[in-house]
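Each chain, letter by letter, is given below.
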Amino acid sequence: MMKSLMKTSVLSLAFCLSAAVFCSCDDGGSEAAAKKSCKEICAEIVASDIAFPEMVEVNEDNFRLRYGLAEGDYAEYGVYWAGDGAMADEVCVIKTSGGDQLTKVKTAVETRRDAQANLYQDYAPDQADRIRASSVTAKNNYVFWTVSDGNDTATAIFDKAFE
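1. Comments concerning the packing of helix α4 (residues 99–123) against helix α5 (residues 125–132)
Moving on, step 1. Where α4 contacts α5, the axes come no closer than 6 Å and their chain directions differ by 160°. The orientation of α4 with respect to α5, classified from their angle, is roughly antiparallel. As α4 packs across α5, the resulting crossing turns out to be left-handed. Contacts from Arg113, Gln116, Ala117, Asn118, Tyr120, Gln121 and Tyr123 in α4 reach Pro125, Gln127, Ala128, Ile131 and Arg132 in α5.
Moving on, step 2. The residue makeup of the contact of α4 with α5, split by class, is six nonpolar, four polar and two charged.

Structure, rendered in structure tokens:
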């Protein structure tokens, strides 16, 4: 009888510890999601009082090509860039599932930023400087990057999407 009670107690304790460990694990999926889609956030930034040149929404094929991402690398995206190749303005919001995917996407956006800076260096160094002054940030499971004359305003709009 005592042996049976001890086995039951040990099994109960093991179950409780397992449940506690399982519940405390975070796979990144519990991060707060934005209350708007990535495309809506980008559109709001472009429509704000930031002085953008004419901006065009980027289709998924161009997005994947220019950012070096494939299907399955991200959950959702929104990108606008200047329709005039002389300007480097760009707004990018990408949702990921977190973890390794977040790291991969952030690296891809940083690679895009660096490639754009190198591209503009020879024929529009002022634009290259604007790109280099920009930063790629990760918030929750999202990656955000903007090149504009209102990066602080754009960041505030992005941050507000999570409130």
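2. Some remarks on the environment of Asn62
Moving on, step 1. Summarising the element assignment, Asn62 is placed in helix α3 (residues 60–67).
Moving on, step 2. Asn62 sits in the partly exposed class, given a relative accessible area of 30%.
Moving on, step 3. Here the alpha-carbon distance between Asn62 and Val79, two residues 17 residues apart in the chain, equals 9.8 Å.

3. Description of the pattern of salt bridges
Moving on, step 1. Counting across every chain of the model gives 10 salt bridges.
Moving on, step 2. Note that Arg64 and Glu60 form a salt bridge whose closest N and O atoms lie 3.2 Å from each other. With Arg64 and Glu60 both in helix α3, this residue pair falls four residues apart, about one helical turn.
Moving on, step 3. Salt bridges here are not isolated pairs; linked through shared partners, they connect Asp89, Arg130 and Asp149.

4. Here we look at the layout of surface pockets
Moving on, step 1. By volume, the largest pocket amounts to about 180 Å³.
Moving on, step 2. Breaking the lining of the largest pocket down by element, the ones donating at least two residues are β2 (76–82) and α4.
Moving on, step 3. It is α4 that provides the largest number of residues to the lining of the largest pocket, a total of four residues.
Moving on, step 4. The class makeup of the residues in the lining of the largest pocket is six nonpolar, two polar and five charged.

5. Side note on the packing of aromatic side chains
Moving on, step 1. For the coordinates displayed, the defined rule picks out eight aromatic pairs.
Moving on, step 2. Centre to centre, the rings of Tyr74 and Tyr77 are 6.2 Å apart; their planes meet at 85°, and the pair counts as edge-to-face. For the pair shown, Tyr74 and Tyr77 are each scored as buried.
Moving on, step 3. Residues Phe144 and Phe158 carry aromatic rings whose centres are separated by 4.5 Å and whose planes lie at 10° to one another, so their mutual orientation is stacked. You can see Phe144 sitting in strand β5 (residues 142–147) and its partner Phe158 sitting in helix α6 (residues 151–160), a full 14 residues away along the chain.
Moving on, step 4. Given a relative accessible area of 1%, Phe158 falls into the buried group.

6. Structural notes on the side chain of Thr96
Moving on, step 1. One can find Thr96 in the loop between β3 (90–95) and α4.
Moving on, step 2. By relative accessible area, Thr96 is classed as buried at 3%.
Moving on, step 3. Of note is the side chain of Thr96, whose polar atom sits 3.0 Å from the backbone nitrogen of Gly98.
Moving on, step 4. Look past the residues within four positions of Thr96 in its chain and what remains in contact with it is Ala75, Gln101, Leu102, Val105 and Asn141.

So, how was this worked out
Here the residue numbers are simple positions, counted from 1 along each chain's written sequence. Totals for whole chains, interfaces and linings use every residue, but because this is a predicted model, local features are given only for residues with pLDDT of at least 70 and side-chain atom pairs only at 80 or more, for both listing and counting. Working from all heavy atoms in the structure, the side-chain values ignore hydrogens and water. Interaxial angles span 0 to 180 degrees and are taken between N-to-C directions of axes, which are lines fitted to C-alpha atoms, for helices over the stretch in contact. We count a stretch as a helix when DSSP gives it H or I for four or more residues in a row; a strand needs E for two or more, and each element gets its number in order from the N terminus. Reported orientations rely on four angle classes, namely roughly parallel under 35 degrees, roughly antiparallel over 145, roughly perpendicular from 65 to 115, and oblique for the rest. Should the near helix be turned anticlockwise from the far one by less than a right angle, the crossing is left-handed, and should it be turned clockwise, the crossing is right-handed. We call two residues contacting when some pair of their heavy atoms lies within 4.5 Å. Three classes are used: nonpolar for Ala, Val, Leu, Ile, Met, Phe, Trp, Tyr, Cys and Pro, charged for Asp, Glu, Lys and Arg, and polar for all others, with Gly counted as polar. Only protein chains enter the calculation, and the probe is 1.4 Å; a residue is then buried if its accessible area is under 20% of its type maximum, exposed if over 50%, and partly exposed in between. For this analysis, a salt bridge means a side-chain nitrogen from Lys or Arg found within 4 Å of a carboxyl oxygen belonging to Asp or Glu. Both site types are read off a 1 Å grid over the protein atoms alone. A 1.4 Å probe that fits but cannot get out defines a cavity, while an open set with protein on both sides within 12 Å along at least five of seven lines defines a pocket; lining residues have an atom within 4 Å of a point. Grid points are joined across faces, edges and corners, and a volume is the space filled by probe spheres set on the points. Only Phe, Tyr and Trp rings are paired, with Trp represented by its six-membered ring, and only when their centres lie within 6.5 Å; those with planes under 30 degrees apart are stacked, over 60 edge-to-face, the remainder tilted. Between N or O atoms, a polar contact is any pair within 3.5 Å; within protein, one atom must be a potential hydrogen donor and the other a potential acceptor, and residues adjacent in sequence are included only when both atoms are from side chains.

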